[in-house]
Every structure is written in C-alpha cells, then in structure tokens.
Amino acid sequence: MHASLTRQSVPWEAVIALDGASPDRLPAPLAQDARVRTLSLPRPVGAACARNLALNHVRTPYTNWADDDDEFTDDAMAVRLNTLESTGVGWCAGWSEDHYPDGSTTLWRCPTPPGRHEAGDVWTYWKSPADTIPIGPTTILARTDLVRAAPMGGLVQGEDYCAALGVTALARGILLPVPVYRYRKWNGQMTAQVGYDQLEVAAREHAWAYGRSLRSVLHGEDLLGSANS
C-alpha cells in the first residue's frame, strides 16, 4: 500500500491505525515517511473502531479508506481528485481489480454503472443482501465531511459496506469506468480466514437494511407502506 501511495502524482497523507499492535512493528519506510502518521491503540478494538478513531486524525479535505495489504493504481488519486474538483460532487469512485500472487489481475466491474449518481441511487443496485455489493468501498474518494458523517458501521466485518452506502446516500457522486484499487488475494487476508463466512450473511443483511432505511429517510419514503394507512 505504501509503495503504491509513493507513486501517486498528487499530494497525500496517510493515517495508520495500529489495532493494539506495537509501533515498533511498523516497517521502516513507513515510520520514516513524514506523510504517514500513526494512531497507536492501547488494545485491539477491531477494524471498524480502529478506523473510526483514526478518522479523528485526518487533516485532508478528501478521504479514502484502504487496507494495508492492497494497493492503489498509479493514477487512482489524480483521476478521482480531478473529477471531484471539476464537478463539485461529494464522492468519486472507480472499478477494482483482484491481484493474485502470480501478478495477474482480474477486473471487477461493480453493479453500479459508470456515470453520475444522485444521493441514494447506489443502494438501488444492491438488489438483495445475497447479491454482490453495489460499489467497492475502498474505491471511493470522498469529501472528508461526508466520510465523518458516514463512518464504518458497527460490525465485526463488512463494516465498510455501511460506510460506502452512507457516503453515497448523503451526496451525489460519479463512478469512473477505470480501475483505481487492487485487492491483493492471498492467504493472509482477513476474508480468507477460517470462520469468516459465519457472519457474512448477517453483516450483509445489516448493511443492506441500513442502506435501505437511510435512503428511505432521506427521500421521505414510507417503508411501512399500507401499515400506516
């Protein structure tokens, strides 16, 4: 991740949440980079809490969540930043690629189509909790005030599903038909761990319902339908 950040053509800062890990374990290139700041938590609190606490330390006008074992494409920041600044939308996202140990990649086109989307529209492309999520959470570069208004959800996994739905529900945005993020597929990733699937269904159901309810509230829709008649 750090190596891919150093290849970006626009200024950036990174805040790393150390979830109960000792700062001594931080690799030297990161520890020596003035653009990298760390939040050292005294005990493990989980990804959602750690990331939300790190959000308190963000100083840039735009924010992009990321996992430490993945990477950005070389123009990921520039292409989305230029779109945000030229259009005035609240968020800009792209496609992602799965990156395999042999160096090969597979492009993932999210269900949300490329183009401009009004606030709340992204959720409509997630037809049911069992379907593929509508947009890649880590492909979204958004105004920091939006990210703070829609942080990580209170889940042990899938917390970024809620963050993506929250940001895209609160503001209009643009999805670019270009890859901006690479998910590194390897045995050490969290989604590959034993037992991960045990809570995935529940996490998806929660995030899907959250997106549905948030959209209905913001659009003045009545989820109870005829029950209120």
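Residues numbered from 1 in each chain as written. Predicted model: local features only at pLDDT ≥ 70, side-chain atom pairs only at ≥ 80, totals over all residues. Heavy atoms only, no water.

Within an unreviewed UniProt entry, the label attached to the protein reads Glycosyl transferase, and the organism entered is Streptomyces brasiliensis.

K.L.:
What am I meant to see in the packing of helix α6 (residues 159–170) against helix α7 (residues 200–218) here?
P.N.:
Packed helices, taken two at a time, are described by the angle between their axes plus the distance between the axes. Relative to each other, α6 and α7 sit at 15°, their axes nearing to 9 Å. Here α6 lies roughly parallel to α7, going by the angle between them. Along this stretch, α6 crosses α7, giving a crossing that reads as right-handed. On the side of α6, the interface is formed by Tyr 161, Cys 162, Leu 165, Gly 166, Ala 169 and Leu 170, while α7 contributes Glu 200, Arg 204, His 206, Ala 207, Tyr 210, Gly 211, Leu 214 and Leu 218. Per-class residue counts for the contact of α6 with α7 are nine nonpolar, three polar and two charged. (Axes fitted to C-alpha atoms, helices over the stretch in contact; angles between N-to-C directions. Helix = DSSP H or I, 4+ residues; strand = E, 2+ residues; numbered from the N terminus. Parallel < 35°, antiparallel > 145°, perpendicular 65-115°, else oblique. Left-handed = near helix turned anticlockwise from the far one by under 90°. Contact = heavy atoms within 4.5 Å. Nonpolar A, V, L, I, M, F, W, Y, C, P; charged D, E, K, R; others polar.)

K.L.:
Hey, could you run me through the state of the cysteines in this one?
P.N.:
A full pass over the atoms with the stated rule returns zero disulfides. Residue Cys 110 stays outside any disulfide, its sulfur separated by 11 Å from that of Cys 92, the closest cysteine. A residue is classified by how much of its surface remains accessible, and Cys 110, at 7% relative accessible area, is buried. (Disulfide = S-S within 2.5 Å. Buried < 20%, exposed > 50% of the residue type's maximum accessible area, 1.4 Å probe, protein only.)

K.L.:
What should I look at first to understand empty space enclosed by the protein in this one?
P.N.:
Over the atoms, a rolled probe matching the size of one water molecule traces out where space is still vacant. Scanning the entire structure with this criterion turns up three cavities of 30 Å³ or more. Around the largest cavity, the lining residues are Thr 63, Asn 64, Trp 65, Pro 137, Ile 140, Ala 142, Val 147, Ala 150, Ala 163, Ala 164 and Val 167. Looking at side-chain class alone, the lining of the largest cavity contains nine nonpolar, two polar and no charged residues. Trp 126, Ile 133, Pro 134, Ile 135, Pro 137, Tyr 161, Ala 164 and Leu 165 are the residues that line the second largest cavity. Among the residues making up the lining of the second largest cavity, the classes are represented as eight nonpolar, no polar and no charged. (1 Å grid on protein atoms, 1.4 Å probe; cavity = no way out; pocket = protein on both sides within 12 Å on 5 of 7 lines; lining within 4 Å. Points joined across faces, edges and corners; volume = space filled by probe spheres on them.)

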